[in-house]
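Inside the fold
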Amino acid sequence: EGCGVVGERGTKGLAFLKTFAGVVGNEANAAGTDAATIQSVVDAKADQVAPVIEPESRGIRRFTRLLSTRRAKKEDPPDPAGARVECEHPNNSLYTFTGNLDVPKGAYDGPLTEDDVHLFPDSKKKLSLVPYNVLLRGSSLRNTEWVLGVAIYTGHDTKVMMNSSAAPSKRSQIEYGMDRVVLMMLLLLLTMGTVTAIVCGVWIKNDSLKNWYLRTDTADMVFDPTNAPLVGIVAFLTSYVLYGYLIPISLYVSLEFVKVMQATVFINQDRALYHAETDTPMRARTSNLNEELGMVHTVLSDKTGTLTCNSMEFFKMSIAGGSYGAGVTEIERAVAKRNGNPLPPAPTHDSKGAPVKSGPIEPGFNFKDSRIDGGGWMTHAESRVFVDFFRVLAVCHTVIPEGEPKPATVCYQAESPDESAFVVAAKRFGFFFKARHTTGIDVEEPESIDNETVSSSTTKRFDILNILEFNSTRKRMSVICRTPEGTLVLYCKGADSVIYERLRHVPGGQTHAESTQAHMDNYAASGLRTLCLAKRELTKTEYDAWNETYTEAAQSLEKRDEKIDACAEVIENGLSPHFPNPASLFYLS
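The sections below set out a description of the structure shown in this document. Only a predicted model underlies this, so the values are computations on that prediction, with no experimental measurement involved. (Residues numbered from 1 in each chain as written. Predicted model: local features only at pLDDT ≥ 70, side-chain atom pairs only at ≥ 80, totals over all residues. Heavy atoms only, no water.)

1. Considerations on the nonpolar core
Core analysis: the biggest nonpolar cluster contains 41 residues, and Phe314, Met317, Phe390, Leu393, Val395 and Phe429 have the highest contact counts within it. Where this core is concerned, the elements lending two or more residues are strand S10 (311-319), helix H9 (383-395), helix H10 (417-428), strand S14 (432-436), strand S15 (440-450), strand S16 (453-468), strand S17 (476-482) and strand S18 (488-494). Counting residues per element, this core draws most heavily on H9, at nine residues. Membership of the second largest hydrophobic core comes to 24 residues, among which are Leu503, Cys532, Tyr543 and Tyr550. (Core = buried A, V, L, I, M, F, W, Y, C linked by side-chain atoms within 4.5 Å. Buried < 20%, exposed > 50% of the residue type's maximum accessible area, 1.4 Å probe, protein only. Helix = DSSP H or I, 4+ residues; strand = E, 2+ residues; numbered from the N terminus.)

2. Things to note about the side chain of Ser478
Here Ser478 shows up in strand S17. Owing to a relative accessible area of 0%, Ser478 belongs among the buried residues under this scheme. A polar side-chain atom of Ser478 sits 2.5 Å from a polar atom in the side chain of Glu572. With residues near it in sequence (within four places) discarded, Ser478 still touches Cys396, Asn466, Ile467, Leu468, Leu490, Tyr491, Cys492 and Glu572. (Polar contact = N/O pair within 3.5 Å; in protein donor to acceptor, adjacent residues only side chain to side chain. Contact = heavy atoms within 4.5 Å.)

3. Observations concerning the packing of H9 against H10
Following both chains from N to C, one finds H9 and H10 inclined at 130°, their axes separated by 8 Å at the closest point. Taken together, H9 and H10 sit at an angle that is classed as oblique. Crossing handedness for the pair H9 and H10: left-handed. Listed contacts from H10 to Phe390, Leu393 and Ala394 of H9 are Phe422, Val423, Ala425 and Ala426. Of the residues belonging to the contact of H9 with H10, the class tally is seven nonpolar, no polar and no charged. (Axes fitted to C-alpha atoms, helices over the stretch in contact; angles between N-to-C directions. Parallel < 35°, antiparallel > 145°, perpendicular 65-115°, else oblique. Left-handed = near helix turned anticlockwise from the far one by under 90°. Nonpolar A, V, L, I, M, F, W, Y, C, P; charged D, E, K, R; others polar.)

4. Focus on the pairing of S10
For S10, the buried fraction is high: eight of the nine residues fall into the buried class. Note that S10 and strand S11 (residues 322-324) share three bridges and pair antiparallel. Bridged to Met317 within S11 is Tyr324. (Pairing = 2+ DSSP bridges.)

5. A few points about the pattern of salt bridges
Applying the stated criterion across every chain, the model contains 30 salt bridges. Here Arg384 makes a salt bridge to Asp388, at a shortest N to O gap of 3.5 Å. Of the two residues, Arg384 and Asp388 both sit in helix H9, four residues apart, roughly one turn of that helix. The buried category is assigned to Asp388, whose relative accessible area is 5%. When the shortest N-O distance is used, the salt bridge between Asp544 and Lys540 registers 2.8 Å. Placement of both Asp544 and Lys540 in helix H13 (residues 540-554) is noted, with a separation of four residues, approximately one turn of the helix. With relative accessibility at 55%, the residue Lys540 sits in the exposed group. (Salt bridge = Lys/Arg side-chain N within 4 Å of Asp/Glu carboxyl O.)

Structural data, given as structure tokens:
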């Protein structure tokens, strides 16, 4: 997935970055310039213009000379015929970015509206830039071989540099305590040396001559009664050397020796620290913090995910008033055992005598129900609702597939384990998410079944028009797409509290709402995380009017998130009342 904006240059005011695209204009094309050539000009300040241009055509050379003239006159260069980036000030927020990209329509490979083609054919196409379009400093590419990027911030203006701080000191509490003790001993040594110097200087000056046998009157400067300050200084240095053994320098050496022995002999050879599953013995890479092991100072927890492996599995679901999923959670077994009615252990063989595999069928999928397994849902009276349910799972996400586009070999890269579990579940039910493109996704859907297996399937294209991303405030995510049938549909998933309050209330329309809510309550009591899925069909007129408002909000440089949330609130109301279908996940610990 590779459109990225890397780095930048800080300016006073908005940072405007003017670039030359390969299709610069008629002059470049008339000179035979290669359309794939991309040139860029960075306008950092009014008096500092550094054109980075390879003069491969007369048009580009003329523009270079013009820039040089403007630079000499301390004037702003003209707006080139290429693209233009408008963005916010440099800041240290790693997960936010607000900006717009103006590109010539001839260089834009996305869909154009009727207004773009007929009313404003010569204007530029304005695209909103979001954090998804930004590559932070130090990023590495995956799923793509190369990208074309524009440097927005550079040097200390980059987000990573603004978040950088000095490396913390990796020293143990014992070492800090030793430092305090050594400092106290040093102060004591200085005090003793000072007292000795004062007493020695005063005695040599006042009393040493009374002791004629000392002959201090003929002594050198060390005991010269006429130069008491010098005698005091010599006495201080002498006492500092004599009392220097108060400083336990050898203690540091002894402590380091003990730590090395602990790491190499005791920790590395401790069998209790051996991980049998991966055949990995303990390996102490440093001995600086041996005494800190096991000394927990602070525990920060985000619900349960921080203290667990945060693994999600598709476990149960409720569709059209029916609950599906034969699995039993550990909480259900514990409750039944506490009530005196322990549940029987999980079967080891199925009805045909074949051994039943314990654990999840596939990472992220632990669903078992003979009523709909093997394409059985296709013969259900509410099969159309099943199709909508599985389409939401396969379409409403931001997952990126990797590897060969086959169900057995594909690997999904998701932002959260929830999304990965949903896409894997859709694949297991026959709705295989194959590929993601710039403007859409490919989903392989089943057509017919034979002997409890899907016998034929067809790849269908869903054009993704808008993605309303999930956040902790909205508690939902939506995707507006054009289905293979040509209809405009909004697919939404989120918490039951936000989905139910946005349903379209019509007489007789809430057929399965109560039963679905009861199923979700049972799932939650069993320790499952629940999520509601919903849809809404849109008319072209309705979508065009909303999309115009949404585009303005997405291109706003001020309060963009608030404006986008307000637009999402409008389109996400009036969801289909017959389709609040929860999909539940088992939270593994």
